[in-house]
Amino acid sequence: MTVEAQSLTDNAESPLVAAIDLGSNSFHMVLARLVQDNIQIVDKLGEKVQLAAGLDDQDILSEEAIERGLECMRRFSQRIAGMPKNTIKIVGTNALRAARNREEFIARAEQVIQHPIEVIAGREEARLIYLGAAHSLADDGSRRLVIDIGGGSTEFIIGERFEAQHLESLHMGCVSFNQRFFANGEISEKSFRRAISAAQRELMSIRSQFRKVGWVNVVGASGTIKAIESISVAEGWSTEGITQESLQKLRKKVLACKHISELNFEGLKPDRQHLLPAGLAILWAIFFSLDIEQMRKSDGALREGLLYDMLGRLHHEDIRETTIDGQMRRFQVDRRQAARVENSALIALAQIRQSWDLMDQEYHDLLSWAARVHEMGLAIAHSNFHKHGAYILENADLAGFTRQEQRALASLVRCHRRKISKSVFEALPENYRQPCLRLCLILRLAVLLHRNRNKQRQPAFVLSADEKTVTIRFPEGWLESRPLTMDELTEEVQYWKNVNMTLEIV
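These numbers come from a predicted model, not from an experiment. (Residues numbered from 1 in each chain as written. Predicted model: local features only at pLDDT ≥ 70, side-chain atom pairs only at ≥ 80, totals over all residues. Heavy atoms only, no water.)

Caption draft 1: Representation of the pattern of salt bridges. If you walk through the whole model with that rule in mind, you get 36 salt bridges. A salt bridge links Arg372 to Glu321; the shortest N-O distance between them is 2.8 Å. Taken as a pair, Arg372 in helix H14 (residues 361–373) and Glu321 in helix H12 (residues 319–330) lie far apart in primary sequence, 51 residues in all. Assessed through its relative accessible area of 16%, Arg372 is described here as buried. Its salt-bridge partner being Glu467, residue Arg438 comes within 3.2 Å of it at the nearest N-O pair. Here Arg438, found in helix H18 (residues 430–449), pairs with Glu467, found in the loop between strand S12 (462–465) and strand S13 (469–473); they are 29 residues apart in sequence, far enough to count as distant. The exposure class of Arg438 is buried, given its relative accessible area of 5%. (Salt bridge = Lys/Arg side-chain N within 4 Å of Asp/Glu carboxyl O. Helix = DSSP H or I, 4+ residues; strand = E, 2+ residues; numbered from the N terminus. Buried < 20%, exposed > 50% of the residue type's maximum accessible area, 1.4 Å probe, protein only.)

Caption draft 2: Structural detail: the sheet that holds strand S2 (residues 26–35). What the 5 strands build is an open sheet, ordered S3-S2-S1-S4-S5; its pairing is mixed. Taken across any chain shown, the strands that pair with only one partner, and hence form the sheet edges, are strand S3 (38–48) and strand S5 (118–119). Sheet topology note: the strand S4 (residues 88–92)/S5 ladder contains 2 bridges and is parallel. Counterpart to Gly92 in the pairing with S5 is Val119. (Pairing = 2+ DSSP bridges.)

Caption draft 3: Inspection of H18 at higher detail. The end-to-end C-alpha distance of H18, which contains 20 residues, comes to 30 Å, matching closely the 28 Å that a straight helix rising 1.5 Å per residue would cover. For H18, the buried fraction is high: 16 of the 20 residues fall into the buried class. (Expected span 1.5 Å × (residues − 1).)

Caption draft 4: Region of interest: unusual backbone geometry. Phi is positive for Arg161, close to 50°, though the residue is something other than glycine. For Arg161, the location among the structural elements is in the loop between strand S7 (154–160) and strand S8 (163–170). One non-glycine residue, Asn384, lies in the positive phi region at around 60°. In this fold, Asn384 is placed in the loop between H14 and helix H15 (385–395).

Caption draft 5: Spatial organisation of the sheet that holds strand S14 (residues 502–505). Strands sit in the order S12-S13-S14 across an open sheet of 3 strands; the sheet is mixed. Each edge of the open sheet is held by one strand with a lone partner, namely S12 and S14. With direction set aside, neighbouring strand axes in the sheet form an average angle of 20°. As paired strands, S13 and S14 are joined by 4 bridges and run parallel to one another. In the strand pairing of S14, Thr471 is matched with Glu504. Of the strands in this sheet, S13 and S14 touch helix H19 (residues 483–497), which is tilted by about 160° from S14. (Axes fitted to C-alpha atoms, helices over the stretch in contact; angles between N-to-C directions. Contact = heavy atoms within 4.5 Å.)

Such coordinate-based values are descriptive only and should not be taken to indicate function.
In structure tokens form, the structure reads like this:
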């Protein structure tokens, strides 16, 4: 166990970790204790914010939806006040992925909650859902299909034990389908069939692949699925879980109602009443498209997955390390050169991290990963390889990384050589702008010092820094015997001036 993890599990005054899921339908928070390498849930909070319902046809969040979200965050902030930064993880899902003004919402929400908010990609959401579900189920070693119907998207994951093997996220959810097919609250056979048809079209992209892979058990991990199972058990259609027969009976009863206000079923919470027809239509399409006979529910999903992912990182079992290694293999990165650059970059960081306010482990990790993959673009072409690498890092599905982390990593790779583009860093979330520029400058020095690509040890250079200046000192006579390196450092001085920074060479 790491010292950091040990302190979290042993510290009686601050034993909590928190995961907050800013979903398209609801915002949820889970607080837990780390007890002997396990998660012990101590509190859960949730509110129906319906962020997705506030998206207009231009994918702009309305001020009313933003305010609903901020009000919820104000209540959450009271519960996590005083908790260390590394014990809290806050992620946004489909609605924030879609919202064109998400940065405005995130900036205002971060002011309220005083912690970073990250937006995760659909497949990363799927991975975390599977991790949470897997930890809540008996480990029978069989292959399982996990499904989570959210407000704006539905995730599908096939995996075994704690490893997700096939992940997909489709653009269909109970809130978005409610707006499309049941917006006026009326229920009809026609609107229900249209909703099923739309869901079936979405499922066509994964139907063949998933059925070919196959599974033994099917697990549902969402409020929609829990609500439908609760109704099925309460009505006596099932003793546990959901079956095709129970879905058929529920469909008949739902269509017997003409308006959502008439949906008064035992086991159905009032706040889920208006979403039942949309959720049922999606689940119906899933069952009959994928030939599912029975589904059982899971108590664990995205929030629990976030907690277990945090626990893994505290114990240096970080999926992001595996992801970076996979990218290095896929793009045939020269590992020896990457290691040389990484080593020099981290030596440089250690010398000026305090002066430049780069003490967080997050910055060490970003620099380390960027050094390892800075040449990945060479697999595409030498010309502009830094741009190729940055494009891949920003747009690929990288397990364990949030979208903001991917953009930050891409900015370091994009600007590790040639011109330093101010716009690249200005486009980052505000909390990443200055740290990433500074990390990039460190990476550039490390890359420059290893351009000869040989095994020869580099000199014991010394760095010092203040707000706008870095001074690099070499052993006496070293630079004079390497005129090419001196020329490159002199050119680097000019590049730094373009971003209002000074590099002094001694």
